[in-house]
Amino acid sequence: MTRNANGGAECPLCGHAAARHLLLVHTTVWRCAAPDCGLEFAVPQLDEEALARFYADLYYPANGNGREVRFENTPDSILRQVFQKLESRFGSLGGLRLLDYGCGRGPLLRVSLEFGMQPAGIEQDPEARAVAAKIPGAAVYQSIDDLQNAEAGAQFDLITLWTVVEHLRNPWADLARLRALLCPGGWLLISTMDIRCLRARIEREHWENYENPTHLYYFDRISLARAIRAAGFSEFSEWKVKISYAHHGFVRRWLYRIMFALGLADGLFYLCKRIDQVERTEDTTSGVNHASAQPDQRPEDRKRIRVGPLT
Ligand SMILES: [Zn+2]
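Treat the numbers as computed from the prediction; the structure is a model and nothing was measured.

Draft legend 1. Spotlight on the overall build of the chain. Secondary structure summary: the chain contains ten helices and 14 strands in total. Relative to its full complement of 311 residues, the chain shows a buried share of 33%. The long-range fraction of contacts in the chain, counting pairs at least 24 apart against all pairs at least 6 apart in sequence, stands at 61%.

Given below as structure tokens:
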């Protein structure tokens, strides 16, 4: 799909030529040579059948087959810290609508309920979706189409992609569709792993995020920002979230603090705000320009995320 006639690859995000970066067991990682992009991506991508098999094996083994889950969902204790930090930034999350895209078995939906949110999830994997669907108070769908069929005109105050963007076949297309599901002024939170982190630099093709065959893209700050812009977001920024890992010993906590301070920690977090195009109309009678935002269809008294500066 992104291979060119000379056997090279073209960056699917910016169209620039890409060079072979790493040879993996299941694919090749290519790196876009444009300095203002630098996206790393897998070509070839595994087909649907192979991906479904790896998801089942590595993430969601069917009950009772006794296989080890290699890539665990994020522990609730860490998600709880993220929601606490969101509350310190935006104020109370109670009553807000959340959509978790790629919700897996639903840990983020479960934790959001503790904060009084009204969660919905989208999950393609049937085993994981069946588990998430049992969470009382959470609606879970297979796709954005299914969500829109069930809830025409649904809009959300917060949409989360928690280590999901790297799994998507065409991330910026999904992000653009999700942007349209945000209410005006709503926020999208993306977390992914950073290819510039110390572990990726040291472990190279043995870094677990390269070895993971369900990852199709590998981001850093520059390529992620470019993907976010390609999805139509004009206002976004990195969110520096310091997580405390209770199970880490003194040395790992100390190392994490240093990596975090140096910008070499594994995780990248971005907050993106939906701002609607401001339409300028000329008042021909007075010659004055009026700026008017696109209509907000939500009720005026609806509780909304407080709009704050991006810092
Ligand atoms: Zn590129």
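Draft legend 2. Summary view of the sheet that holds strand 11 (residues 235-238). The sheet built from seven strands is open, its strands ordered 7-6-5-8-9-12-11 with mixed pairing. Both edges of this open sheet fall to strand 7 (139-141) and strand 11, since each of them pairs with a single strand only. Going across the sheet, the axis of each strand differs from the next one's by a mean of 15°, ignoring polarity. Bridge analysis of strand 5 (residues 97-101) against strand 8 (residues 156-162) gives three bridges, and the strand direction is parallel.

Draft legend 3. Looking closely at the sheet that holds strand 2 (residues 17-23). Across the sheet, which stays open at both edges, the five strands sit in the order 1-2-3-4-10 with antiparallel pairing between neighbours. What marks the edges here is a single partner per strand, and that holds for strand 1 (9-10) and strand 10 (217-218). Relative to strand 10, strand 4 (residues 40-43) runs antiparallel, the two sharing two bridges. Bridge pairing in strand 10 links Phe41 to Tyr217.

Draft legend 4. The nonpolar core, seen in detail. Counting 71 residues, the largest nonpolar core has Leu99, Phe156, Ile159, Ile228, Tyr270 and Cys272 as its most contacted members. At six residues, strand 9 (residues 182-193) tops the list of elements feeding residues into this core. In this structure, this core is formed jointly by two domains, domain 1 (9-43) and domain 2 (75-195 + 234-273), each of which donates at least three residues. Excluding residues within four positions of it along the chain, Ile159 makes contact with Leu99, Tyr101, Leu178, Leu181, Leu182 and Leu188.

Draft legend 5. Region of interest: the packing of helix 2 (residues 76-90) against helix 3 (residues 107-114). Running from amino to carboxyl end, helix 2 crosses helix 3 at an angle of 50°, the nearest separation of the two axes being 10 Å. Relative to helix 3, the element helix 2 is oriented oblique. Here helix 2 and helix 3 pass one another in a crossing that is right-handed. In contact with Asp76, Leu79, Arg80 and Phe83 of helix 2, helix 3 contributes Pro107, Leu108, Val111 and Ser112.

Draft legend 6. Here's a closer look at the pairing of strand 5. Taken across its five residues, strand 5 has five buried, putting it largely inside the fold. Burial along strand 5 is two-sided: the residues Arg97, Leu99 and Tyr101 and Leu98 and Asp100 are all buried. As paired elements, strand 5 and strand 6 (residues 118-122) share five bridges and run parallel to each other. In the strand pairing of strand 6, Leu99 is matched with Ala120.

Draft legend 7. Highlighting the packing of helix 6 (residues 171-181) against helix 9 (residues 221-230). Where helix 6 contacts helix 9, the two axes come as close as 8 Å, and the packing angle between them is 50°. As summarised for this structure, helix 6 and helix 9 are arranged oblique, according to the angle between their axes. Of the two possible hands of crossing, helix 6 and helix 9 adopt the one that is right-handed. Across from Pro171, Trp172 and Leu175 in helix 6, the residues of helix 9 making contact are Ala227, Ile228 and Ala230. Considered class by class, the residues forming the contact of helix 6 with helix 9 number six nonpolar, no polar and no charged.

Draft legend 8. The arrangement of helix 2 in detail. An ideal rise of 1.5 Å per residue puts 21 Å on 15 residues; helix 2 measures up with 21 Å between its terminal C-alpha atoms. Taken residue by residue, helix 2 has Leu79, Val82 and Leu86 as its buried positions. Each buried residue of helix 2 lies within a common arc of 55° when the element is viewed along its axis, so the set occupies one face. Turned more than 90 degrees away from the buried face of helix 2, the exposed residues are Gln84 and Ser88. Structurally, helix 2 contributes buried residues whose contacts are with helix 3. Two residues or fewer past helix 2, Gly91 is found with a positive phi of approximately 90°.

What counts, and where the lines are drawn
- Residues numbered from 1 in each chain as written.
- Predicted model: local features only at pLDDT ≥ 70, side-chain atom pairs only at ≥ 80, totals over all residues.
- Helix = DSSP H or I, 4+ residues; strand = E, 2+ residues; numbered from the N terminus.
- Buried ≥ 20, exposed ≤ 12 C-beta atoms within 10 Å, placed from the backbone.
- Contact = placed C-beta atoms within 7 Å.
- Pairing = 2+ DSSP bridges.
- Axes fitted to C-alpha atoms, helices over the stretch in contact; angles between N-to-C directions.
- Core = buried A, V, L, I, M, F, W, Y, C linked by C-beta atoms within 7 Å.
- Domains from an automatic or database assignment.
- Parallel < 35°, antiparallel > 145°, perpendicular 65-115°, else oblique.
- Left-handed = near helix turned anticlockwise from the far one by under 90°.
- Nonpolar A, V, L, I, M, F, W, Y, C, P; charged D, E, K, R; others polar.
- Expected span 1.5 Å × (residues − 1).
- Arc of directions from axis to C-beta.

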